[in-house]
Amino acid sequence: GTGGGGTSFPLPPYGGPPASTTTIHELALGADGNVWYLRRGTTIGRVEPNGTITGFVQPDDGLSEIAAASGAAVWVADRNAHTLLRVTTAGAVTSTASPVSVPQALATGADGTLWVGGAGVGKLPPGGAGEVVTTEADVSHLAIAPDGGVWVADSFGISEVLDDGSLATRVVTG
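Right, let's walk through the structure included here. As the structure is a prediction and not an experimental result, all values here were calculated from the model. (Residues numbered from 1 in each chain as written. Predicted model: local features only at pLDDT ≥ 70, side-chain atom pairs only at ≥ 80, totals over all residues. Heavy atoms only, no water.)

Within a sheet, each strand pairs with its neighbour through backbone hydrogen bonds, oriented either parallel or antiparallel. Judged by pairing direction, the sheet is antiparallel, and its four strands sit side by side in the order β5-β6-β7-β8 without closing on themselves. Each edge of the open sheet is held by one strand with a lone partner, namely β5 (63-68) and β8 (93-97). Here the average twist between neighbouring strands, direction ignored, is 25°. (Pairing = 2+ DSSP bridges. Helix = DSSP H or I, 4+ residues; strand = E, 2+ residues; numbered from the N terminus. Axes fitted to C-alpha atoms, helices over the stretch in contact; angles between N-to-C directions.)

For the rest of this paragraph, the subject is the environment of serine 101. Within the secondary structure, serine 101 is located in the loop between β8 and β9 (105-108). Along the sequence, serine 101 and asparagine 80 sit 21 residues apart, while their C-alpha atoms lie 8.9 Å from each other.

A separate point is the pattern of salt bridges. Scanning all chains against the criterion turns up two salt bridges. Between arginine 46 and glutamate 48 there is a salt bridge, and its shortest N-O distance comes to 2.9 Å. Note that glutamate 160 is salt-bridged to arginine 170, the shortest N-O span being 2.8 Å. Placement of glutamate 160 in strand β14 (residues 157-161) and of arginine 170 in strand β15 (residues 167-172) is noted, with a sequence separation of ten residues between them. (Salt bridge = Lys/Arg side-chain N within 4 Å of Asp/Glu carboxyl O.)

Below, the discussion takes up the side chain of threonine 134. Examined against the element boundaries, threonine 134 turns out to sit in strand β11 (residues 131-138). There is a polar contact of 3.1 Å between the side chain of threonine 134 and the backbone oxygen of glycine 165. The residues contacting threonine 134, other than those within four sequence positions of it, are Gly120, Val121, Gly165 and Leu167. (Polar contact = N/O pair within 3.5 Å; in protein donor to acceptor, adjacent residues only side chain to side chain. Contact = heavy atoms within 4.5 Å.)

What follows concerns the sheet that holds strand β2 (residues 35-39). One open sheet holds the four strands; their spatial order is β1-β2-β3-β4, and the pairing between them is antiparallel. What marks the edges here is a single partner per strand, and that holds for β1 (24-29) and β4 (53-57). Here the strands of the sheet are splayed against their neighbours by 20° on average, with no regard to which way each runs. By the bridge criterion, five bridges tie β1 to β2 in an arrangement that is antiparallel. Looking at β2, one finds that leucine 29 is bridged to valine 35.

Time to look at the pairing of β5. The element β5 is extensively covered by neighbouring structure, given that five of its six residues are classed as buried. As paired elements, β5 and strand β6 (residues 73-78) share five bridges and run antiparallel to each other. Across the sheet, residue glutamate 65 finds its bridge partner in β6, namely alanine 77. (Buried < 20%, exposed > 50% of the residue type's maximum accessible area, 1.4 Å probe, protein only.)

Once that is clear, we can look at the environment of threonine 94. Counting through the fold element by element, threonine 94 comes out in strand β8. With a relative accessible area of 46%, threonine 94 lands in the partly exposed category. Distance in space between the C-alpha atoms of threonine 94 and threonine 83 is 9.9 Å, their sequence separation being eleven residues. The residues contacting threonine 94, other than those within four sequence positions of it, are Leu84, Leu85 and Arg86.

With that settled, the discussion passes to the packing of aromatic side chains. When we look at a pair of aromatic rings, we describe it by the centre distance and by the angle of the planes. Tallied over the entire structure, the rule returns one aromatic pair. A centroid spacing of 6.3 Å and a plane angle of 20° characterise the contact between tryptophan 36 and phenylalanine 56, whose relative ring orientation is stacked. With tryptophan 36 in strand β2 and phenylalanine 56 in strand β4, the pair connects residues that are 20 residues apart, well separated along the chain. Each member of the pair tryptophan 36 and phenylalanine 56 is classed as buried. Over the ring of tryptophan 36 we find arginine 46; its NZ or CZ atom is 5.7 Å from the centre of that ring. (Phe/Tyr/Trp six-rings, centres within 6.5 Å; stacked < 30°, edge-to-face > 60°. Lys NZ or Arg CZ within 6 Å of the ring centre and 35° of its normal.)

In C-alpha cells, the structure reads:
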C-alpha cells in the first residue's frame, strides 16, 4: 500500500538507455481508466487498474509528451521525428505528421481535437487533417479551458489562443 489507501505497483526493469534516463516524466489518464506514462528514453507504458503494467518500447528517444485519445489509446509527441503517435492498449502504433515542428506539448479537447504545441500551435481534429493555428510561440505547455479555449505557456508567459490564431498574452514572465 501507499499509506493513503492505494496500492503500489513496481515498474518492471527498464531495458532502455542508461539508468539516468529511466525517470517517468509524463503521465496521462486514459479514457479507458488506465494510467499511461512516458519514461525518459523510449518507453511508453500503461498501468491498468488491476496493476498490470505493459511497456511499449519505441525506437526514438524524442518522446516528449502524452495525452489521452478517444477510446483505449493515447497520443504521444515525438519531437525528434516531428510526429504524433497514437498508441492503443493492444500496442498498435500509428504515426501522423505533427501540424507543428518539434511537438512538445499536447492537450485533448472535449470534442476529441488534439492540440499540439511546439514551434507554434496546431490542431488535429478527430478523423481530420492537422492544421497550423499559429506560429507565434515556442510552446512548452498547453491547457484546454472548460469553454474550449486554448492556453499556452512559452518563455514569455501565458497566452490565450484567439479565434483568429493570434495570441493574447495574459501573464508576462521575467
